[in-house]
Every structure is written in structure tokens, then in C-alpha cells.
Amino acid sequence: MRKNSTNGLMTLNFWRMCAANLLLFTSVYMLFPVLSFVMPEQLGISVPQVGSMFLVFVAAMFAVGPFHAYLCDEYKRKNVLLYSTLILLATIPGYIFADNYIKLLLLALVQGACFGLATTAGITVAIDITTSARRSAGNMVYAWSARLGMLIGAGSGIVLYDLYGLRTVVYLAVATGVLSMYFASRVYVAFRAPIGMKLCSLDRFFLPRAWVPALNMLLIAFVPGVLLPLLYIGDYITFSALAVLAFLTGVFIRMFVKLSHHCQRGTANTTCYLAMETGIFAGLATACKLADAYLLYHVAGVAVILAFFFFVLLTYPYYKKKKVR
């Protein structure tokens, strides 16, 4: 008989999910700093046009979100994670062969939808295999694995492109994603009978009570997002911004969880993820629109100031008033 994986937080299955999450984010973030300056030359389009792909990516993430609870109820949660990751990886080589703007947007659309499903399903699996008493701590550890994956992916993508070109980045991104699928496939998830979820639902997708800290997290994540393309010119201050984001992840995940009611911790984690990814991709789109290092620093500085005052004047008072844990 298999040992149930919910006997504690630091189980082998939980660490497999953390490894899978880290590798998935590494795979995806290997591409983003590179695509912002490779695609204009490859497709003969403007840099702002390339920036719109990041907005399409985010829109697709939000579009599939309301269907997540139904899919994870109707089908095995691990299978939702694995199949969405598989489709995501299958489309990554498309960046090598894309030859027009429409195909670029279609790639972003499919990948955004699959990435949204994969990350949300991954959170659901990680929470389900963790005991109720340890889920708050599990949320933070799992979220940190994603931020570490972002750091590794962004740095390795730029280095690999400088040394070997786009094809190598694409192939290694796919290989990293396949390794993520391997770790996820080794996780044992106990069978859970369907409970009859509605086709569209905010359950396990968005926590309305956390909308204020979600906006604050969006502003914070916007800063490393708008600085990411500067990695191409050898300006590595972006890593500092990403490191700060990784540090703040623990603070905000705890805040989101304490704003959630019973059985909403997974939804709280997903809401934090959505806010972070939206901020990063909005930053990338803005960077492509401005395409000037001085302006990017200026915008990032303004965003830092706004995020700080937003936290002091709005987020923290709201959190103290609304927290339920």
C-alpha cells in the first residue's frame, strides 16, 4: 500500500511538486527576456507590436481561469497539470518558425492559456497533498519555488542566447519543461470523487477579498517586468528586482492566506500568482512600448514609489481590517 502523501509538509511528493513548479517557471522565463528583442528582427515588426504578445498571454491566463475548478473536478488534477504543460511545451518551438505577427499572437494565446491552467492546477495538487495544518507554510514554499524558477530562467535564457542563439534557448526550455512534467508525474494524488462544480467559477482561481493586495502585488511585480529586457544589454539590476520580488512573495502569500476563509488557501495562492504574472507581463509590454533604458528606469522608479505608498496607505490597513486568520 502506498503511503499517503498528506502526512506532513516535507514529503517527497511535495518536494517533487516544488521541483516541477521551479522547472516550469524556469522553462517559461528562459524565453521572455529573449523574445522581446529577437522577434522584431525575425518577423520584421516593431518592438511595441511584440510587446502586445505579453498582453495576449495575460489575457489568455485570465480567460481560462474560471474553467479551472470545473476541469480539476471533472478530470484528475494531475492530468490537467500534465496535459496543459505538454501543450505549452509543444508550442514553444513555434517561436523558431513563426514568420508573421498573427502567428506570434496565436502562440502567446495558446501558451498563456496553458500556463494559466498548469500553474493553477499545480497549486491545487500541492495543496491537496499537504495536511490542512501545514498548508499555509506549504503555500509559501511552493510560491518561492516559482520565484526561484523565474530568476534561473531569466538569467540562463540571456546567457544561452548570447552563447548559442535562439534555437538552443528554445530546445533547452522544452527539455526543462519535460523534466518538470517528469517530477509532476511522479506525484501520488489520492482519488477524489467529483463534487459537481459549475462550468465557470472563481473557486481556486480568484479571491475577491484579496483585490487590494492583488493590485499592490501587480505594481511590485511590474518593476522586474519592465526591467527584464535590460538583461540583453548586460544590465543585471533586474536580478535585484526579481530577488526583492522573491523575498516579498512570502510576505504577500501570508497576507493573501490570512484574508481567505476555510478551504480558500489555494485560491489565495492562485490570486497572488495571477497578480504577480500580470504585473510582470504588463511590465514587459511597457518595456517594449518604451524601448529606452532611461525611460524604463524612470518608470520602474515611479512604480516602486507607488507600490510603497499603496502598501502603507491602502494594503496594510485593508489587511488588518479584513484578515480572518
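What comes next concerns the included structure. Predicted, not measured: the structure shown is a model, and the values here were computed from it.

### Focus on the overall build of the protein
Scanning the protein from N- to C-terminus turns up 13 helices and zero strands. Listing each helix as α and each strand as β along the protein from the N terminus yields α-α-α-α-α-α-α-α-α-α-α-α-α. Against the globule reference of 20 Å for 325 residues, the protein gives a C-alpha radius of gyration of 19 Å, in line with a compact fold. Its C-alpha atoms give the protein principal-axis dimensions of roughly 55 × 45 × 35 Å. Burial analysis of the protein (325 residues in total) assigns 56% to the buried set. Excluding contacts between residues fewer than 6 apart, the proportion of contacts in the protein whose partners are at least 24 apart in sequence is 86%. Carbon together with sulfur atoms contributes 69% to the accessible area of the protein, which is approximately 13800 Å² in total.

### Some details on the packing of helix H8 (residues 135–164) against helix H12 (residues 265–290)
At their nearest, the axes of H8 and H12 sit 10 Å apart, and the two run at 20 degrees to each other. Looking at the two axes, H8 sits roughly parallel to H12. When you trace H8 past H12, the crossing you get is right-handed. The segment H8 lies against H12, with Arg135, Ser136, Asn139, Tyr142, Ala143, Ala146, Arg147 and Met150 engaging Arg265, Asn269, Tyr273, Met276, Glu277 and Ile280.

### Side note on the packing of H12 against helix H13 (residues 293–322)
One can describe the packing of H12 onto H13 by two numbers: an axis separation of 9 Å at closest approach and a directional angle of 145 degrees. Crossing handedness for the pair H12 and H13: right-handed. For the pair H12 and H13, the contacting residues are Thr286, Ala287 and Leu290 in the first and Leu295, Leu296 and Val299 in the second. Per-class residue counts for the contact of H12 with H13 are five nonpolar, one polar and no charged.

### Some words on the environment of Leu107
As for its position among the elements, Leu107 is in helix H7 (residues 101–128). Dropping the residues within four chain positions of it, Leu107 is found in contact with Thr91, Gly94, Tyr95 and Ala98.

### Here we look at the packing of aromatic side chains
Counted by the stated rule, this structure contains 19 aromatic pairs. On the basis of an interplanar angle of 65 degrees and a centroid distance of 5.2 Å, the ring pair of Phe25 and Phe115 is categorised as edge-to-face. Highlighted residues: Phe25 in helix H1 (residues 12–29) and Phe115 in helix H7, separated in sequence by 90 residues. Per residue, the accessibility class of Phe25 equals that of Phe115, and both read buried. For the ring pair Phe57 and Phe115, a centre distance of 5.8 Å and an interplane angle of 50 degrees mean the geometry is tilted. Here the residue Phe57 occupies a position in helix H3 (residues 47–64), and Phe115 occupies one in helix H7, the gap between them amounting to 58 residues. Grouping residues by exposure puts Phe57 and Phe115 together as buried.

### Quick word on the pattern of salt bridges
Side chains that carry opposite charge are capable of pairing whenever their charged atoms lie near each other. Applying the stated rule across the entire model yields three salt bridges. Among the salt bridges present, the one from Arg77 reaches Asp128, with a minimum N-O distance of 2.5 Å. On the criterion of sequence distance, the pair formed by Arg77 in helix H5 (residues 77–91) and Asp128 in helix H7 is long-range, its members being 51 residues apart. Note on Arg77: relative accessible area 8%, which makes it buried. Residues Arg147 and Glu277 are paired through a salt bridge, measuring 3.4 Å at the closest nitrogen-oxygen approach. Residue Arg147 is located in helix H8, and its partner Glu277 is located in helix H12; the two are separated by 130 residues in the primary sequence. In this structure Arg147 comes out as buried when scored by relative accessible area, which is 2%. According to the relative accessible area criterion, Glu277 is buried, its value standing at 1%.

Basis of the calculations
Residues numbered from 1 in each chain as written. Predicted model: local features only at pLDDT ≥ 70, side-chain atom pairs only at ≥ 80, totals over all residues. Heavy atoms only, no water. Helix = DSSP H or I, 4+ residues; strand = E, 2+ residues; numbered from the N terminus. Rg over C-alpha atoms; globule rule 2.2 N^0.38 Å. Buried < 20%, exposed > 50% of the residue type's maximum accessible area, 1.4 Å probe, protein only. Contact = heavy atoms within 4.5 Å. Areas by Shrake-Rupley, 256 points an atom, 1.4 Å probe, with all protein chains shown as cover. Axes fitted to C-alpha atoms, helices over the stretch in contact; angles between N-to-C directions. Parallel < 35°, antiparallel > 145°, perpendicular 65-115°, else oblique. Left-handed = near helix turned anticlockwise from the far one by under 90°. Nonpolar A, V, L, I, M, F, W, Y, C, P; charged D, E, K, R; others polar. Phe/Tyr/Trp six-rings, centres within 6.5 Å; stacked < 30°, edge-to-face > 60°. Salt bridge = Lys/Arg side-chain N within 4 Å of Asp/Glu carboxyl O.

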